[in-house]
Amino acid sequence: MEYIIGVDLGTSGTKTVLFDREGHIAASATVEYPLYQPENGWAEQDPEDWWGAAATTIGQVIAESRVDPGDIKGVGLSGQMHGLVMLDREGRVLRRSIIWCDQRSGRQCEEITGRVGRERLIEITANPALTGFTAAKLLWVRENEPEIYSRCAHILLPKDYVRYMLTGAFATEVSDASGMQLLDVPKRCWSEEVLAKLDIDPALLAKVYESPEVTGEVTAEAAKLTGLRPGTPVVGGAGDNAAAAVGTGVVRDGKAFTTLGTSGVVFAHTDKISIDPKGRVHTFCCAVPGAWHVMGVTQGAGLSLKWFRDNFCYSEIVSAQGLSIDPYVLLDRQAELSPVGCNKLFYLPYLMGERTPHLDPDCRGVFFGLSAMHVRSDLLRAVMEGVAFSQRDSLEVLREMGVATSRMLACGGGGTSPLWRQMLSDVYNCPVQTVKSKEGPAFGAAILAGVGAGLYPSVQEACDMLIDVNPPQEPIAGNVEKYEKLYRIYTGLYPALKENYRQLAELEL
């Protein structure tokens, strides 16, 4: 039997899944690690934690499955995008990685826009300058930590640091590189113009591959740490959402999905590049060679529910441990006690600023309409509905661009919730369904590994062979009508608070 491995490096932990050639799971393992927030709006992680988690989970799935490492034909990597990993000439980590949700680099975004020009930047990188992207983080380090910047010899993205530790290769691929703000997205290569205008040495950057291409082989040292066979191919892989697209079969025009992970994403595939001139959504190269995707991002989707769980749902956490079930199952039951609209309570999920459609690092979370009648179940459901409304914001932009679809797939941890999926179906007014495999990015990364190893002829054909979908949840007409009224109020809240957000960000106490 032939096997493939998908390693998904997330924000809360790394999950590694071993699949056989038919897409069946042979073993799965997850290791979590911390998120550091030394100041309000900052977010960092230790790259060595990522590598430790990847090496450990790879070893665990091989040991659990008792598969001969020689039968593992390839490794695919998926990961959180945009994180800045800086290495010295010996390949040692210089500082903790500034990750995707960090908001400290607002001034550097203004500098990038000034140097390149907003319209020209969107033409080349398909996106405006954003705090979440890697280029602004790099400029922040150059300005605030010049001694570290002067010692930097290599810049990598999170999953590509794991690749380096596996193979010794400094490599990336087009989908993840699209989120650095340094790639010419239409041409699928580093932009000499942007690098020159930002005074960034091209030698710092890794070689760019297409997602199914082999980028290196497992070294003897990495083999000892992971249990893999030396020489096992490691393919380019993909950023988390591009990998999820492969893992859910969104690899052709007319297909789209919603992810409810730490962040939230509405993602649509397109064979022809389409760029929003207002920069409200991201256009990136996708994991299918020669194609792109358009996606809107909510910074604090599943993060909002996790924040609420950790701070206000201790009893559910304890009860879930006693029942040996996921605490989120009990949270769903609590949220179902509140009606559509949560008794006229709204939640804005801007815990880490927001991308689509506001592009505002200063906005923050809000409960609006709170009264003495509200109980915890109302607040809990309001968090879930607020995230659904924020995803609708992204879908509206995609609909303007003509790249969305009338049917939606759901994935990510939140996508496993029938209640949340029904909210999405009602808020979007379209059917929402899931794929039978729940592994999303890890499955997508493994499929890419299989293509690179020659097990499948192409990404599209592999998806046709391996991916099955469940019956859809249809929108409930009465809920659709209610949510439409609620959504109109929701869309008026951010504009009313925008100036207050700015004032709060500038406030010194």
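Everything here concerns the structure above.
As a starting point, this report considers the structure included with it. It should be emphasised that the depicted structure is a prediction, and the values quoted were computed from it without experimental measurement.

### Let's talk about the overall build of the chain
Within the chain, the secondary structure is distributed over 18 helices and 23 strands. Reported as C-alpha extents along the three principal axes, the dimensions of the chain are approximately 65 × 50 × 45 Å. Buried residues in the chain amount to 61% of all 509 residues. Contacts in the chain between residues far apart in sequence, at least 24 positions, make up 72% of those at least 6 positions apart. Taken as a whole, the chain presents about 19,300 Å² of accessible surface, with 51% of it coming from carbon and sulfur. Here the chain contributes 48 positively and 63 negatively charged side chains, and the mean placements of these two sets differ by 2 Å.

### A short note on unusual backbone geometry
Here the residue pair threonine 356 and proline 357 is connected by a cis peptide bond, since its omega of -5° sits within 30 degrees of zero. Take proline 357: it is sitting in the loop between strand S20 (346-348) and strand S21 (366-368). In this structure, asparagine 429 is a non-glycine residue whose phi angle is positive, near 60°. By the element assignment, asparagine 429 lies in the loop between helix H15 (418-428) and strand S23 (432-433).

### Comments concerning the pattern of salt bridges
Counted by the stated rule, this structure contains 33 salt bridges. Residue glutamate 111 is joined to arginine 115 by a salt bridge in which the shortest nitrogen-to-oxygen separation is 3.0 Å. Of the two residues, glutamate 111 and arginine 115 both sit in helix H2 (residues 106-116), 4 residues apart, roughly one turn of that helix. Residues glutamate 385 and arginine 381 are paired through a salt bridge, measuring 2.8 Å at the closest nitrogen-oxygen approach. A residue pair is termed a helical-turn pair when its members lie 3 or 4 positions apart in one helix, as glutamate 385 and arginine 381 do in helix H14 (residues 376-401) at 4 residues. For glutamate 385, a relative accessible area of 3% puts it in the buried group. A relative accessible area of 8% places arginine 381 in the buried class. A network of salt bridges, in which partner residues are shared, links Glu44, Arg95, Arg96, Asp102, Arg104 and Glu145.

### A few points about the environment of serine 12
Counting through the fold element by element, serine 12 comes out in the loop between strand S1 (3-9) and strand S2 (13-20). Residue classification places serine 12 among the partly exposed residues on the basis of a relative accessible area of 42%. For the pair serine 12 and glycine 261, spaced 249 residues apart in sequence, the C-alpha separation works out to 10.0 Å.

### Quick notes on the packing of helix H11 (residues 302-312) against H14
Contact geometry of H11 with H14 gives a least axis separation of 9 Å together with a crossing angle of 160°. Between H11 and H14, the angle falls in the class roughly antiparallel. Between H11 and H14 the crossing geometry is right-handed. Contact residues: H11 offers Ser304, Leu305, Phe308 and Phe312, while H14 offers Arg376, Leu379, Leu380, Val383, Met384 and Val387.

### Focus on the pairing of strand S16 (residues 256-260)
Buried residues dominate S16, accounting for 5 of its 5 residues. Relative to strand S17 (residues 264-270), S16 runs antiparallel, the two being bridged by 5 bridges. Its bridge partner lying in S17, alanine 256 is registered against alanine 268. Alignment of S16 against strand S22 (residues 408-411), held across 3 bridges, turns out to be parallel. By the bridge assignment for S22, threonine 259 is matched with cysteine 411.

### Section: the pairing of S2
Judged by how many residues are buried, S2 sits mostly within the fold: 7 of 8 residues are covered. Bridging between S1 and S2 involves 7 bridges; their strand directions are antiparallel. Looking at the pairing, leucine 9 lines up with threonine 14 of S2. The turn linking S1 back onto S2 is made up of 3 residues. Examined bridge by bridge, S2 and strand S3 (residues 25-32) share 7 bridges and lie antiparallel to one another. Bridge pairing in S3 places glycine 13 opposite glutamate 32.

### Let's talk about the nonpolar core
With 49 residues, the main nonpolar core has Phe389, Met408 and Tyr428 as its most contacted residues. The element contributing the most residues to this core is H14, with 12 residues. Among all residues touching methionine 408, those that are not within four sequence positions of it are Ala256, Phe257, Thr258, Val266, Leu395, Tyr428, Cys430, Pro431, Val432 and Gln433.

### What to know about the side chain of glutamate 44
With respect to the helices and strands, glutamate 44 occurs in strand S4 (residues 44-45). Side-chain polar atoms of glutamate 44 contact the side chain of arginine 96, separated by 3.1 Å. A polar contact of 2.8 Å, which involves the side chain of glutamate 44, links it to the side chain of arginine 104. Dropping the residues within four chain positions of it, glutamate 44 is found in contact with Leu35, Tyr36, Pro38, Arg95, Arg96, Ser97, Ile98, Ile99 and Arg104.

### Section: the sheet that holds S17
Taken together, the 6 strands give an open sheet; going across it, the order is S18-S19-S17-S16-S22-S23, and neighbouring strands pair in mixed fashion. In this open sheet, the two strands that pair with only one neighbour each are strand S18 (282-285) and S23. Strand contacts of helix H10 (residues 240-248): S16, S17, strand S19 (292-298) and S22, with the helix running at about 120° to S16, the strand carrying the most contacts.

Rules and cut-offs
Residues numbered from 1 in each chain as written. Predicted model: local features only at pLDDT ≥ 70, side-chain atom pairs only at ≥ 80, totals over all residues. Heavy atoms only, no water. Helix = DSSP H or I, 4+ residues; strand = E, 2+ residues; numbered from the N terminus. Buried < 20%, exposed > 50% of the residue type's maximum accessible area, 1.4 Å probe, protein only. Contact = heavy atoms within 4.5 Å. Areas by Shrake-Rupley, 256 points an atom, 1.4 Å probe, with all protein chains shown as cover. Lys, Arg positive; Asp, Glu negative; His and termini not counted. Charge placed at Lys NZ, Arg CZ, Asp CG, Glu CD. Salt bridge = Lys/Arg side-chain N within 4 Å of Asp/Glu carboxyl O. Axes fitted to C-alpha atoms, helices over the stretch in contact; angles between N-to-C directions. Parallel < 35°, antiparallel > 145°, perpendicular 65-115°, else oblique. Left-handed = near helix turned anticlockwise from the far one by under 90°. Pairing = 2+ DSSP bridges. Core = buried A, V, L, I, M, F, W, Y, C linked by side-chain atoms within 4.5 Å. Polar contact = N/O pair within 3.5 Å; in protein donor to acceptor, adjacent residues only side chain to side chain.

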